[in-house]
Amino acid sequence: MKPAMLALADGSVFKGTAFGATGETTGEVVFNTAMSGYQEILTDPSYRGQMVTMTYPHIGNYGMNPVDMESRKPWIAGFIVKEACRIPSSWRSRLSLGEYLESHGISGIQGIDTRALTTHLRDHGSQQGCISHLDLDPDRLVQKAREAPSIIGRDLVQEVTCSAPYGWTQSSKEWTVRQDAPPSLPDARFKVVAFDFGIKYNILRRLTDHGCEVAVVPAFTTAASVLAMNPDGIFLSNGPGDPEAVPYAVETVRKLLGQRPVFGICLGHQILGLAFGLQTYKLKFGHHGANHPVLNSETQKVEITSQNHNFAVRGAIGASGAGAGLWPTPYGAVKVSHTSLNDHAVEGLRCLDIPTFSVQYHPEASPGPHDATYLFQRFLDMMAKGRA
(Lines give C-alpha, C1' and ligand atoms only; values in the text may rest on other atoms or scores of the structure.)
Protein backbone atom coordinates (compact mmCIF):
# COMPACT_ATOMS: atom_id res chain seq x y z
CA MET A 1 0.00 0.00 0.00
CA LYS A 2 1.32 3.40 -1.01
CA PRO A 3 2.03 6.00 1.69
CA ALA A 4 -0.07 9.16 1.76
CA MET A 5 -0.18 12.27 3.87
CA LEU A 6 -2.80 14.78 5.01
CA ALA A 7 -1.58 18.25 6.01
CA LEU A 8 -3.71 21.02 7.52
CA ALA A 9 -3.18 24.75 7.16
CA ASP A 10 -2.36 25.07 10.87
CA GLY A 11 0.67 22.78 10.45
CA SER A 12 -0.85 19.50 11.63
CA VAL A 13 0.20 16.43 9.63
CA PHE A 14 -1.33 12.95 9.51
CA LYS A 15 0.43 10.00 7.87
CA GLY A 16 -1.53 7.13 6.33
CA THR A 17 -1.91 5.09 3.16
CA ALA A 18 -3.38 5.96 -0.21
CA PHE A 19 -6.64 4.77 -1.74
CA GLY A 20 -8.74 6.01 -4.60
CA ALA A 21 -7.07 7.87 -7.46
CA THR A 22 -3.34 8.47 -7.19
CA GLY A 23 -2.76 12.19 -6.95
CA GLU A 24 -2.90 15.29 -4.80
CA THR A 25 -5.88 17.42 -3.79
CA THR A 26 -6.81 20.36 -1.57
CA GLY A 27 -10.04 21.47 0.08
CA GLU A 28 -11.64 22.38 3.38
CA VAL A 29 -11.44 19.45 5.81
CA VAL A 30 -14.71 18.66 7.64
CA PHE A 31 -16.00 15.62 9.53
CA ASN A 32 -19.25 13.68 9.12
CA THR A 33 -20.71 11.67 12.00
CA ALA A 34 -23.00 9.38 9.96
CA MET A 35 -22.35 5.66 10.39
CA SER A 36 -23.45 4.84 6.84
CA GLY A 37 -24.63 6.64 3.72
CA TYR A 38 -21.14 7.33 2.42
CA GLN A 39 -22.31 6.98 -1.19
CA GLU A 40 -24.94 9.69 -0.72
CA ILE A 41 -22.31 11.85 1.00
CA LEU A 42 -19.86 11.46 -1.87
CA THR A 43 -22.48 12.54 -4.41
CA ASP A 44 -24.02 15.41 -2.41
CA PRO A 45 -23.15 18.63 -4.32
CA SER A 46 -23.12 20.51 -1.01
CA TYR A 47 -19.65 19.02 -0.39
CA ARG A 48 -18.10 20.77 -3.39
CA GLY A 49 -14.71 22.16 -2.32
CA GLN A 50 -14.47 19.99 0.80
CA MET A 51 -12.61 16.88 1.96
CA VAL A 52 -14.77 14.71 4.19
CA THR A 53 -13.57 12.78 7.23
CA MET A 54 -15.86 9.94 8.29
CA THR A 55 -15.88 9.46 12.06
CA TYR A 56 -17.18 5.89 11.77
CA PRO A 57 -14.02 3.75 11.47
CA HIS A 58 -14.93 1.22 8.75
CA ILE A 59 -16.27 2.70 5.51
CA GLY A 60 -17.18 0.96 2.25
CA ASN A 61 -18.69 -2.23 3.70
CA TYR A 62 -21.58 -2.43 1.23
CA GLY A 63 -19.73 -1.03 -1.76
CA MET A 64 -21.11 1.34 -4.39
CA ASN A 65 -24.11 0.98 -6.68
CA PRO A 66 -25.66 3.15 -9.43
CA VAL A 67 -29.02 3.52 -7.64
CA ASP A 68 -28.09 5.41 -4.47
CA MET A 69 -26.45 8.41 -6.12
CA GLU A 70 -27.71 11.83 -4.99
CA SER A 71 -26.49 13.64 -8.12
CA ARG A 72 -24.84 12.94 -11.45
CA LYS A 73 -21.33 12.44 -9.99
CA PRO A 74 -19.28 12.74 -6.77
CA TRP A 75 -18.33 16.28 -5.79
CA ILE A 76 -15.99 15.98 -2.81
CA ALA A 77 -12.37 17.06 -3.16
CA GLY A 78 -11.01 14.16 -1.09
CA PHE A 79 -12.07 11.37 1.26
CA ILE A 80 -10.56 10.55 4.66
CA VAL A 81 -11.32 7.30 6.56
CA LYS A 82 -9.83 5.12 9.25
CA GLU A 83 -10.21 1.97 7.14
CA ALA A 84 -11.61 1.57 3.62
CA CYS A 85 -13.22 -1.82 2.96
CA ARG A 86 -11.53 -3.47 -0.02
CA ILE A 87 -14.03 -6.35 -0.45
CA PRO A 88 -17.61 -5.09 0.01
CA SER A 89 -20.46 -7.43 0.87
CA SER A 90 -23.78 -6.56 -0.77
CA TRP A 91 -25.70 -7.98 -3.71
CA ARG A 92 -26.31 -4.40 -4.84
CA SER A 93 -22.61 -3.50 -4.98
CA ARG A 94 -20.98 -2.88 -8.35
CA LEU A 95 -17.69 -1.32 -7.25
CA SER A 96 -15.65 -1.04 -4.08
CA LEU A 97 -15.30 2.40 -2.52
CA GLY A 98 -11.68 2.64 -3.65
CA GLU A 99 -12.54 1.62 -7.21
CA TYR A 100 -15.33 4.20 -7.35
CA LEU A 101 -13.08 7.03 -6.17
CA GLU A 102 -10.36 5.97 -8.60
CA SER A 103 -12.81 5.93 -11.52
CA HIS A 104 -13.76 9.54 -10.75
CA GLY A 105 -10.25 10.83 -10.09
CA ILE A 106 -10.77 11.44 -6.35
CA SER A 107 -7.85 10.90 -3.96
CA GLY A 108 -8.33 9.48 -0.48
CA ILE A 109 -6.30 8.64 2.58
CA GLN A 110 -6.87 5.87 5.13
CA GLY A 111 -5.08 4.53 8.15
CA ILE A 112 -4.94 7.82 10.03
CA ASP A 113 -6.40 8.44 13.49
CA THR A 114 -9.72 9.94 12.43
CA ARG A 115 -10.76 10.44 16.06
CA ALA A 116 -7.70 12.61 16.64
CA LEU A 117 -8.39 14.53 13.43
CA THR A 118 -12.04 15.06 14.36
CA THR A 119 -11.12 16.27 17.84
CA HIS A 120 -8.59 18.65 16.31
CA LEU A 121 -11.19 20.09 13.93
CA ARG A 122 -13.68 20.49 16.78
CA ASP A 123 -11.10 22.34 18.85
CA HIS A 124 -9.54 24.46 16.11
CA GLY A 125 -12.24 24.60 13.45
CA SER A 126 -12.54 23.35 9.89
CA GLN A 127 -9.63 24.46 7.74
CA GLN A 128 -7.96 23.95 4.39
CA GLY A 129 -6.01 20.75 3.92
CA CYS A 130 -3.97 18.85 1.36
CA ILE A 131 -3.98 15.10 0.68
CA SER A 132 -1.04 13.83 -1.34
CA HIS A 133 0.09 10.43 -2.61
CA LEU A 134 2.93 12.07 -4.54
CA ASP A 135 4.64 14.70 -2.40
CA LEU A 136 5.30 13.47 1.14
CA ASP A 137 7.21 16.49 2.39
CA PRO A 138 5.22 17.83 5.39
CA ASP A 139 6.37 21.44 5.06
CA ARG A 140 5.47 21.65 1.38
CA LEU A 141 2.05 20.08 1.97
CA VAL A 142 1.26 22.47 4.82
CA GLN A 143 2.13 25.36 2.52
CA LYS A 144 -0.12 23.94 -0.21
CA ALA A 145 -2.96 23.69 2.31
CA ARG A 146 -2.44 27.33 3.32
CA GLU A 147 -2.52 28.42 -0.32
CA ALA A 148 -5.71 26.49 -1.13
CA PRO A 149 -8.70 28.77 -1.88
CA SER A 150 -11.13 29.33 0.98
CA ILE A 151 -14.83 28.59 0.54
CA ILE A 152 -15.64 31.98 2.14
CA GLY A 153 -16.80 34.37 -0.57
CA ARG A 154 -16.45 31.70 -3.27
CA ASP A 155 -19.37 30.94 -5.59
CA LEU A 156 -19.43 27.14 -5.66
CA VAL A 157 -23.06 27.02 -6.78
CA GLN A 158 -22.05 27.89 -10.35
CA GLU A 159 -19.89 24.75 -10.38
CA VAL A 160 -22.68 22.33 -9.44
CA THR A 161 -25.94 23.78 -10.81
CA CYS A 162 -27.56 22.37 -13.94
CA SER A 163 -26.88 24.16 -17.21
CA ALA A 164 -30.48 24.13 -18.46
CA PRO A 165 -33.98 23.51 -17.06
CA TYR A 166 -35.34 19.97 -16.96
CA GLY A 167 -38.36 18.09 -15.69
CA TRP A 168 -38.25 15.45 -12.96
CA THR A 169 -40.70 12.53 -12.76
CA GLN A 170 -38.92 9.82 -10.73
CA SER A 171 -40.52 8.90 -7.40
CA SER A 172 -39.11 7.09 -4.36
CA LYS A 173 -40.67 3.91 -5.71
CA GLU A 174 -38.21 3.82 -8.58
CA TRP A 175 -35.36 4.34 -6.12
CA THR A 176 -36.20 1.64 -3.56
CA VAL A 177 -34.94 -1.95 -3.72
CA ARG A 178 -38.38 -3.63 -4.02
CA GLN A 179 -39.93 -3.25 -7.44
CA ASP A 180 -43.05 -5.39 -6.91
CA ALA A 181 -46.49 -4.10 -5.86
CA PRO A 182 -45.84 -0.44 -6.76
CA PRO A 183 -47.59 2.02 -4.47
CA SER A 184 -50.11 4.35 -6.06
CA LEU A 185 -48.72 7.86 -6.32
CA PRO A 186 -50.99 10.89 -6.04
CA ASP A 187 -51.82 12.74 -9.23
CA ALA A 188 -49.53 15.68 -9.94
CA ARG A 189 -51.71 18.41 -8.42
CA PHE A 190 -49.09 21.12 -7.99
CA LYS A 191 -46.40 22.54 -10.24
CA VAL A 192 -43.18 23.30 -8.39
CA VAL A 193 -40.17 25.16 -9.75
CA ALA A 194 -37.06 23.95 -7.92
CA PHE A 195 -33.91 26.06 -7.98
CA ASP A 196 -30.85 23.87 -8.39
CA PHE A 197 -28.19 25.33 -6.12
CA GLY A 198 -26.79 21.78 -5.81
CA ILE A 199 -30.00 19.81 -5.40
CA LYS A 200 -30.11 16.21 -4.17
CA TYR A 201 -32.14 13.67 -6.11
CA ASN A 202 -34.07 12.50 -3.07
CA ILE A 203 -35.53 15.99 -2.58
CA LEU A 204 -36.97 15.71 -6.09
CA ARG A 205 -38.24 12.20 -5.38
CA ARG A 206 -40.02 13.36 -2.23
CA LEU A 207 -41.68 16.24 -4.06
CA THR A 208 -42.86 13.77 -6.71
CA ASP A 209 -44.09 11.40 -3.98
CA HIS A 210 -46.30 14.20 -2.69
CA GLY A 211 -47.97 14.88 -6.00
CA CYS A 212 -45.78 17.62 -7.45
CA GLU A 213 -44.87 18.17 -11.08
CA VAL A 214 -41.29 19.36 -10.71
CA ALA A 215 -39.37 21.64 -13.06
CA VAL A 216 -35.72 22.09 -12.06
CA VAL A 217 -34.06 25.35 -13.10
CA PRO A 218 -30.45 26.60 -12.92
CA ALA A 219 -29.37 28.79 -10.03
CA PHE A 220 -29.08 31.86 -12.29
CA THR A 221 -32.72 31.70 -13.48
CA THR A 222 -34.49 35.05 -13.14
CA ALA A 223 -37.62 35.69 -11.11
CA ALA A 224 -39.49 36.72 -14.26
CA SER A 225 -38.65 33.41 -15.94
CA VAL A 226 -39.86 31.46 -12.92
CA LEU A 227 -43.15 33.36 -12.67
CA ALA A 228 -43.68 32.90 -16.41
CA MET A 229 -43.82 29.14 -15.72
CA ASN A 230 -46.84 29.83 -13.46
CA PRO A 231 -45.84 27.50 -10.63
CA ASP A 232 -47.92 26.77 -7.55
CA GLY A 233 -44.80 26.85 -5.39
CA ILE A 234 -41.07 27.58 -5.46
CA PHE A 235 -38.42 25.38 -3.88
CA LEU A 236 -34.92 26.58 -2.90
CA SER A 237 -32.47 23.68 -2.77
CA ASN A 238 -29.39 22.78 -0.79
CA GLY A 239 -25.96 23.58 -2.20
CA PRO A 240 -22.32 24.26 -1.37
CA GLY A 241 -20.40 27.15 0.06
CA ASP A 242 -21.04 30.67 1.24
CA PRO A 243 -24.58 32.05 0.77
CA GLU A 244 -23.20 35.59 0.55
CA ALA A 245 -21.25 34.52 -2.55
CA VAL A 246 -24.49 34.09 -4.55
CA PRO A 247 -26.06 37.59 -4.45
CA TYR A 248 -27.85 36.92 -7.75
CA ALA A 249 -29.84 34.13 -6.05
CA VAL A 250 -30.66 36.33 -3.05
CA GLU A 251 -31.95 39.09 -5.32
CA THR A 252 -34.08 36.63 -7.31
CA VAL A 253 -35.63 35.24 -4.13
CA ARG A 254 -36.45 38.78 -2.93
CA LYS A 255 -38.47 39.31 -6.12
CA LEU A 256 -40.32 36.02 -5.63
CA LEU A 257 -41.27 36.43 -1.96
CA GLY A 258 -45.00 36.94 -1.62
CA GLN A 259 -45.62 35.87 -5.23
CA ARG A 260 -45.85 32.13 -4.53
CA PRO A 261 -45.34 29.80 -1.52
CA VAL A 262 -41.62 29.25 -0.94
CA PHE A 263 -39.86 26.31 0.77
CA GLY A 264 -36.09 26.35 1.31
CA ILE A 265 -33.64 23.70 2.51
CA CYS A 266 -30.02 24.16 3.68
CA LEU A 267 -28.35 26.72 1.37
CA GLY A 268 -31.85 27.64 0.23
CA HIS A 269 -32.65 28.41 3.88
CA GLN A 270 -29.59 30.68 4.15
CA ILE A 271 -30.38 32.44 0.86
CA LEU A 272 -33.92 33.00 2.13
CA GLY A 273 -32.53 34.46 5.36
CA LEU A 274 -30.40 36.92 3.39
CA ALA A 275 -33.41 37.79 1.20
CA PHE A 276 -35.33 38.66 4.39
CA GLY A 277 -32.50 41.00 5.39
CA LEU A 278 -30.96 38.73 8.04
CA GLN A 279 -27.28 37.85 8.31
CA THR A 280 -25.29 34.64 7.88
CA TYR A 281 -22.00 33.49 9.39
CA LYS A 282 -19.57 30.57 9.13
CA LEU A 283 -19.79 27.91 11.83
CA LYS A 284 -16.61 26.77 13.55
CA PHE A 285 -16.75 23.24 12.14
CA GLY A 286 -20.19 22.99 10.56
CA HIS A 287 -22.94 20.43 10.96
CA HIS A 288 -22.31 17.23 8.99
CA GLY A 289 -24.06 14.00 9.93
CA ALA A 290 -27.32 12.11 10.27
CA ASN A 291 -27.92 12.44 14.01
CA HIS A 292 -28.33 16.15 14.84
CA PRO A 293 -31.05 16.97 17.38
CA VAL A 294 -33.30 19.93 16.53
CA LEU A 295 -36.06 21.45 18.66
CA ASN A 296 -39.28 22.33 16.86
CA SER A 297 -40.35 25.43 18.80
CA GLU A 298 -43.93 25.16 17.55
CA THR A 299 -44.51 21.60 18.82
CA GLN A 300 -41.74 21.45 21.48
CA LYS A 301 -40.73 18.10 20.01
CA VAL A 302 -37.18 17.04 19.19
CA GLU A 303 -36.40 15.91 15.65
CA ILE A 304 -33.28 13.91 14.79
CA THR A 305 -32.05 15.33 11.52
CA SER A 306 -29.57 14.89 8.68
CA GLN A 307 -27.39 17.96 8.16
CA ASN A 308 -24.60 19.21 5.92
CA HIS A 309 -23.70 22.90 6.10
CA ASN A 310 -20.85 25.20 7.16
CA PHE A 311 -22.84 28.44 7.30
CA ALA A 312 -25.92 29.46 9.29
CA VAL A 313 -28.39 32.32 9.68
CA ARG A 314 -27.38 34.55 12.57
CA GLY A 315 -29.89 34.24 15.37
CA ALA A 316 -29.32 37.37 17.43
CA ILE A 317 -29.00 40.36 15.11
CA GLY A 318 -32.27 42.24 14.69
CA ALA A 319 -34.33 40.13 17.11
CA SER A 320 -37.19 41.98 18.74
CA GLY A 321 -40.64 41.55 20.19
CA ALA A 322 -41.48 38.88 22.74
CA GLY A 323 -37.96 37.52 22.68
CA ALA A 324 -35.03 36.48 20.52
CA GLY A 325 -36.09 34.84 17.31
CA LEU A 326 -38.63 37.28 15.89
CA TRP A 327 -37.55 39.76 13.22
CA PRO A 328 -39.46 42.53 11.43
CA THR A 329 -38.74 42.36 7.69
CA PRO A 330 -40.15 44.06 4.57
CA TYR A 331 -42.16 40.86 4.03
CA GLY A 332 -43.60 40.65 7.54
CA ALA A 333 -42.47 39.15 10.82
CA VAL A 334 -40.11 36.19 10.60
CA LYS A 335 -39.70 33.74 13.48
CA VAL A 336 -37.28 30.97 14.36
CA SER A 337 -39.19 27.71 14.02
CA HIS A 338 -36.37 25.23 14.75
CA THR A 339 -33.17 25.42 16.80
CA SER A 340 -30.13 23.16 17.09
CA LEU A 341 -29.82 21.48 20.48
CA ASN A 342 -26.08 21.08 19.97
CA ASP A 343 -25.09 24.74 19.53
CA HIS A 344 -28.40 26.69 19.40
CA ALA A 345 -27.92 27.59 15.72
CA VAL A 346 -31.02 28.67 13.80
CA GLU A 347 -32.41 25.56 12.07
CA GLY A 348 -35.68 26.91 10.68
CA LEU A 349 -37.47 30.12 9.71
CA ARG A 350 -41.13 30.87 9.07
CA CYS A 351 -42.65 34.10 7.83
CA LEU A 352 -45.89 34.91 9.65
CA ASP A 353 -47.33 37.09 6.88
CA ILE A 354 -46.53 35.30 3.61
CA PRO A 355 -46.47 31.53 2.86
CA THR A 356 -42.72 31.03 3.22
CA PHE A 357 -40.62 28.76 5.42
CA SER A 358 -37.25 27.03 5.45
CA VAL A 359 -35.10 24.60 7.41
CA GLN A 360 -31.35 24.30 7.70
CA TYR A 361 -31.38 20.50 7.72
CA HIS A 362 -32.47 17.82 5.20
CA PRO A 363 -36.02 16.52 5.67
CA GLU A 364 -35.57 14.23 2.66
CA ALA A 365 -32.74 12.49 4.57
CA SER A 366 -30.78 10.13 2.26
CA PRO A 367 -28.96 9.31 4.38
CA GLY A 368 -30.59 9.90 7.72
CA PRO A 369 -33.81 9.80 9.77
CA HIS A 370 -37.26 10.75 8.48
CA ASP A 371 -38.49 12.78 11.47
CA ALA A 372 -39.00 15.90 9.34
CA THR A 373 -40.87 14.38 6.38
CA TYR A 374 -43.96 16.36 7.42
CA LEU A 375 -42.39 19.52 6.00
CA PHE A 376 -43.18 18.41 2.45
CA GLN A 377 -46.86 18.15 3.43
CA ARG A 378 -46.65 21.65 4.91
CA PHE A 379 -45.44 22.91 1.53
CA LEU A 380 -48.36 21.17 -0.18
CA ASP A 381 -50.81 22.70 2.27
CA MET A 382 -49.45 26.17 1.49
CA MET A 383 -49.81 25.59 -2.25
CA ALA A 384 -53.35 24.30 -1.80
CA LYS A 385 -54.28 27.36 0.24
CA GLY A 386 -52.70 29.57 -2.41
CA ARG A 387 -54.99 28.07 -5.03
CA ALA A 388 -58.13 28.49 -2.92
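In the block above lies the structure referred to throughout.
What you see is a predicted model; the values in this text were computed from it and never measured.

Draft legend 1. Focus on the nonpolar core. Counting residues in each nonpolar core, the largest one holds 33 residues, and the members touching the most others are Phe195, Phe197, Leu236, Leu257, Ile271, Phe276 and Leu349. Contributing elements (two or more residues each) for this core: β11 (190–196), α7 (223–228), β13 (233–236), α8 (247–256), α9 (267–276), β18 (332–340) and β19 (346–351). Setting aside residues up to four positions removed in sequence, Phe195 forms contacts with Val217, Pro218, Ala219, Thr221, Val226, Ile234, Phe235, Leu236, Ser237, Thr252 and Leu256. By size, the runner-up hydrophobic cluster in this structure holds 27 residues, among which are Trp168, Leu204, Phe357 and Phe379.

Draft legend 2. Fine view of the packing of aromatic side chains. Taken as a whole, this structure holds nine aromatic pairs when the rule is applied. Ring plane angle 55° and centroid distance 5.5 Å describe the contact between Phe263 and Phe379, whose orientation is recorded as tilted. Here Phe263, found in strand β14 (residues 262–265), pairs with Phe379, found in helix α10 (residues 374–387); they are 116 residues apart in sequence, far enough to count as distant. Both residues of the pair, Phe263 and Phe379, count as buried. Three or more aromatic residues joined by ring pairs make a cluster, and in this case those are Phe235, Phe263, Phe357, Phe376 and Phe379.

Draft legend 3. Expanded view of the pattern of salt bridges. Applying the stated criterion across every chain, the model contains 14 salt bridges. Its salt-bridge partner being Glu70, residue Arg205 comes within 3.7 Å of it at the nearest N-O pair. Of this pair, Arg205 sits in helix α6 (residues 201–209) while Glu70 sits in the loop between β5 (58–59) and β6 (78–80); the two residues are 135 residues apart in sequence, bridging distant segments of the chain. Relative accessible area serves as the criterion here: at 2%, Arg205 is assigned to the buried category. The buried category is assigned to Glu70, whose relative accessible area is 0%. Note that Lys335 and Glu298 form a salt bridge whose closest N and O atoms lie 3.9 Å from each other. Within this pair, whereas Lys335 is found in strand β18, its partner Glu298 is found in the loop between β15 (280–296) and β16 (301–313), the two being separated by 37 residues in sequence. Note on Lys335: relative accessible area 21%, which makes it partly exposed. Here the salt bridges share partners, and the residues they tie into one network are Glu24, Asp135, Arg140 and Lys144.

Draft legend 4. Main features of the side chain of Thr118. You can see Thr118 is positioned in helix α3 (residues 114–124). In this structure Thr118 comes out as buried when scored by relative accessible area, which is 10%. Residue contacts for Thr118: discarding those within four places in its chain leaves Phe31, Thr53 and Thr55.

Draft legend 5. Inspection of the environment of His344 at higher detail. Tracing the chain through its elements places His344 in the loop between β18 and β19. Relative accessible area serves as the criterion here: at 63%, His344 is assigned to the exposed category. Between the alpha carbons of His344 and Val294 there is a distance of 8.8 Å; along the sequence they are 50 residues apart.

Draft legend 6. Fine view of the pairing of strand β4 (residues 50–54). Among the five residues that make up β4, five are buried, leaving the element largely enclosed by the rest of the structure. Two strands pair when backbone bridges link them, and strand β3 (residues 24–32) and β4 are joined in this way by five bridges, in the parallel orientation. What sits directly across from Val29, in β4, is Met51. Sheet analysis places β4 next to β6, joined by three bridges and oriented parallel. Within the sheet, the bridge partner assigned to Val52 lies in β6 and is Phe79.

Draft legend 7. Looking closely at helix α4 (residues 138–147). Buried within α4 are the following residues: Leu141, Val142 and Ala145. Angular distribution of buried residues about the axis of α4 spans 100°; they occupy a single face of the element. Residues of α4 that are exposed and point over 90 degrees away from its buried face: Asp139 and Glu147. Buried residues along α4 sit against β1 (3–8), β2 (13–20), β3 and β9 (127–132). Between the side-chain oxygen of the N-cap and the backbone nitrogen of Asp139 there are 3.2 Å, and the N-cap of α4 in question is Asp137.

Conventions we followed
- Just so you know, the residues in each chain are numbered from 1, in the order the chain's sequence is written.
- The predicted origin of the model limits local features to residues at a pLDDT of at least 70 and limits the giving and counting of side-chain atom pairs to 80 or more, whereas totals for whole chains, interfaces and linings rest on all residues.
- Computation of side-chain values: all heavy atoms of the structure, hydrogens and water removed.
- Residue types Ala, Val, Leu, Ile, Met, Phe, Trp, Tyr and Cys, when buried and joined through side-chain atoms within 4.5 Å, form a set referred to as a nonpolar core.
- To sort residues, take the accessible area from a 1.4 Å probe on protein chains only and compare it with the maximum for the residue type: under 20% means buried, over 50% means exposed, and anything in between is partly exposed.
- Only runs of H or I of at least four residues qualify as helices and only runs of E of at least two qualify as strands under DSSP, and these elements are numbered from the N terminus.
- Contact between two residues is taken to exist if any of their heavy atoms lie within 4.5 Å; hydrogens are not considered.
- Pairing of aromatic side chains here covers Phe, Tyr and the six-membered ring of Trp, requires ring centres within 6.5 Å, and sorts the geometry by plane angle: under 30 degrees stacked, over 60 edge-to-face, intermediate tilted.
- By definition here, a salt bridge exists when the distance from a side-chain nitrogen of Lys or Arg to a carboxyl oxygen of Asp or Glu is within 4 Å.
- Two strands qualify as a pair provided that DSSP identifies no fewer than 2 bridges between them.
- Summarising the geometry, the arc corresponds to the directions from the helix axis toward the C-beta atoms.
- In protein, a polar contact means a hydrogen-donor-capable atom and an acceptor-capable atom, both N or O and within 3.5 Å, with residues adjacent in sequence counting only if both atoms are side-chain atoms; elsewhere, any N or O pair within 3.5 Å suffices.

Worth remembering: the numbers are spatial, not functional.
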